[in-house]
Amino acid sequence: MDSSVAVMATKKSATKRKSDSIPEVKDSKKVKVYHRSHGKEPGHILVLGQGDVGQLGLGEDITERKKPALLSLHEKIVQVIAGGMHTVCLSDTGVVYTFGCNDEGALGRDTKEEGSEMSPGKVVLDEKVVQVSAGDSHTAALTEEGTVYVWGSFRDNNGVIGLLDHLKTTVVPTKVPLTETVVKVTSGNDHLVMLTVEGNLYTSGTAEQGQLGRVPEQFSNRGGRKGLDRLLIPQMVKLKGKVHFIDSFCGAYFTFAVSKDGHVYGFGLSNYHQLGTKSTKMCFAPVKLTTFKNSTTTWVDFSGGQHHTVCLDSEGQVYSLGRAEYGRLGLGEEAEEKSEPTAVSGVEPASRVTCGASVSYAVTKEGSVYAWGMGTNLQLGTGQEEDEWTPVKMTGKQLENCTVLMVSSGGQHTVLLVKDKQES
């Protein structure tokens, strides 16, 4: 599997350095990080679903869209991410825009002016951002130099645990204390995973379901004796023997990581087998997932919802596993819970997959998007509230002459990045 991870030096002197001196290079502002997950192709934004707290970005008067609606921004956008109740957009110039619920600082900007959270607003960051991620109440931004900034808060079953400071929300972008250079950030509902150029995983956030992969169960409730430092200070996920990771993905309460040799590891909640484990016990340490090891299959994308997972192989075949209710597996009305990846039929070869809490999507190589799962929040684009048990191609006036680049789904809303076909 090609890692598609690189650190590109901008001066000749930097190119001679070995990988173990990356932090030193980073400090001299001479490197730019790259991972295949970074958005490169610019487009414009479409939104749909429920938006009663402004997560559609269409202003105070529009809180629902049954079909994809255009959201106007004066910049070209290369990445769109739906958090639980907020939305994050990244422009081709490296600027972050946010809108939606800001109760715990997830927008990273001042929204004291009434209604200002209901429309896109710029997040003040001095560095160019190359990738963003978002959870229920937090947002993360990765800069081109491999530094991570975060804002908002993590929550556990008892409320706010903080983000970097104990029990406090972080309302403006704040630098994550990490010496290694990060190439990808991913977010679960209340945890953050950072993949470094050295092939290590660092995690922070809530540990109650094992999603950090480094906190034993007896310390998972607010860190045990060590307290919240154990959770909020990013630390490396350790395995027996050296494992070099090249990619990472999150579900709501669980994490996947792919190693250089093609193995898939998982940790966190698997109460419906969403990790692909035979057991439904929570995994507080990384487990090598044998259900994903097949000599003929190379896995290229994973996305997890609340209790299910959708994944993609290098041939473009979509698979699903986990909880079956409301059609989120896309395997038909008779489908039951699956403990191993099961092929989803009725979807053309796909280039990426994504999940909301109880919904699933696949973007095809031809630029269409298929949706299935719970219809209650109008996230599927069918215009109806009925659940869809098999994949349905999303349609709408705004999609007629567009190629879909990516899709992201939150608790009640969905965001698409598209471009005009004549630009393709």
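Bear in mind the structure is a predicted one, so any value in this text is a computation, not a measurement.

Rules used throughout
Residues numbered from 1 in each chain as written. Predicted model: local features only at pLDDT ≥ 70, side-chain atom pairs only at ≥ 80, totals over all residues. Heavy atoms only, no water. Helix = DSSP H or I, 4+ residues; strand = E, 2+ residues; numbered from the N terminus. Rg over C-alpha atoms; globule rule 2.2 N^0.38 Å. Buried < 20%, exposed > 50% of the residue type's maximum accessible area, 1.4 Å probe, protein only. Contact = heavy atoms within 4.5 Å. Patch = residues over 30% accessible without salt bridge, like charges linked within 9 Å, V, L, I, M, F, W, Y side chains within 5 Å. Areas by Shrake-Rupley, 256 points an atom, 1.4 Å probe, with all protein chains shown as cover. Salt bridge = Lys/Arg side-chain N within 4 Å of Asp/Glu carboxyl O. Lys, Arg positive; Asp, Glu negative; His and termini not counted. Charge placed at Lys NZ, Arg CZ, Asp CG, Glu CD. Phe/Tyr/Trp six-rings, centres within 6.5 Å; stacked < 30°, edge-to-face > 60°. Lys NZ or Arg CZ within 6 Å of the ring centre and 35° of its normal. Disulfide = S-S within 2.5 Å. Pairing = 2+ DSSP bridges. pLDDT = per-residue confidence, 0-100.

## Remarks on the overall build of the protein chain
Part 1: Within the protein chain, the secondary structure is distributed over 3 helices and 32 strands.
Part 2: Its C-alpha atoms give the protein chain a radius of gyration of 20 Å, near enough to 22 Å, the size a compact globule of 424 residues would have.
Part 3: Viewed in the frame of its principal axes, the protein chain has a C-alpha envelope of about 50 × 50 × 45 Å.
Part 4: Out of the 424 residues in the protein chain, the part that is buried amounts to 61%.
Part 5: For the protein chain, contacts bridging at least 24 residues in sequence account for 55% of all contacts bridging at least 6.

## Re a negative patch on the surface
Part 1: Residues Glu333, Glu334, Glu336 and Glu337 make up a contiguous surface patch of negative charge.
Part 2: According to the relative accessible area criterion, glutamate 333 is exposed, its value standing at 61%.

## Some words on the packing of aromatic side chains
Two numbers describe a pair of aromatic rings. These are the distance of the centres and the angle of the planes.
Part 1: Enumeration over the complete set of coordinates arrives at 9 aromatic pairs.
Part 2: Ring centres 5.9 Å apart and planes at 85 degrees place the aromatic pair phenylalanine 254 and phenylalanine 256 in the edge-to-face group. Phenylalanine 256 carries the same exposure label as phenylalanine 254, and that label is buried.
Part 3: An aromatic cluster of three or more residues is present, and its members are Phe249, Phe254, Phe256, Phe292, Trp299, Phe302 and Tyr319.
Part 4: When the ring centre of phenylalanine 249 is taken as origin, the NZ or CZ atom of lysine 184, which lies over that ring, is 4.2 Å away.
Part 5: Note that arginine 230 overlies the ring of phenylalanine 219, its terminal NZ or CZ placed 4.0 Å from the centroid.

## Considering the state of the cysteines
Part 1: Applying the stated criterion to the full structure yields 0 disulfides.
Part 2: Here cysteine 311 stays free of any disulfide, with the sulfur of cysteine 355 as its closest cysteine sulfur at 9.2 Å.

## Describing the pairing of strand 28 (residues 359-364)
Part 1: The buried fraction of strand 28 is high, at 6 of 6 residues.
Part 2: With burial as the criterion, each face of strand 28 is covered, one bearing Val359, Tyr361 and Val363 and the other bearing Ser360, Ala362 and Thr364.
Part 3: Across 5 bridges, strand 27 (residues 350-355) lies against strand 28 in antiparallel orientation. Across the sheet, the residue bridging to arginine 352 is valine 363, located in strand 28.
Part 4: Sheet analysis places strand 28 next to strand 29 (residues 369-373), joined by 5 bridges and oriented antiparallel. Looking at strand 29, one finds that tyrosine 361 is bridged to alanine 371.
Part 5: In this structure, the hairpin formed by strand 28 and strand 29 is closed by a connection of 4 residues, where glycine 367 is found at a positive phi of approximately 95 degrees.

## Some words on the side chain of serine 153
Part 1: Of note, serine 153 is situated in the loop between strand 11 (148-152) and strand 12 (154-156).
Part 2: Classification of serine 153 as buried rests on a relative accessible area of 0%.

## Notes on the confidence of the model for the protein chain
Part 1: In the predicted model, the protein chain carries a mean pLDDT of 93, and 93% of its residues have values of at least 70.
Part 2: For residues 9-29, every residue scores under 50 in pLDDT, and the model assigns this stretch 32 contacts once sequence neighbours within four places are set aside.

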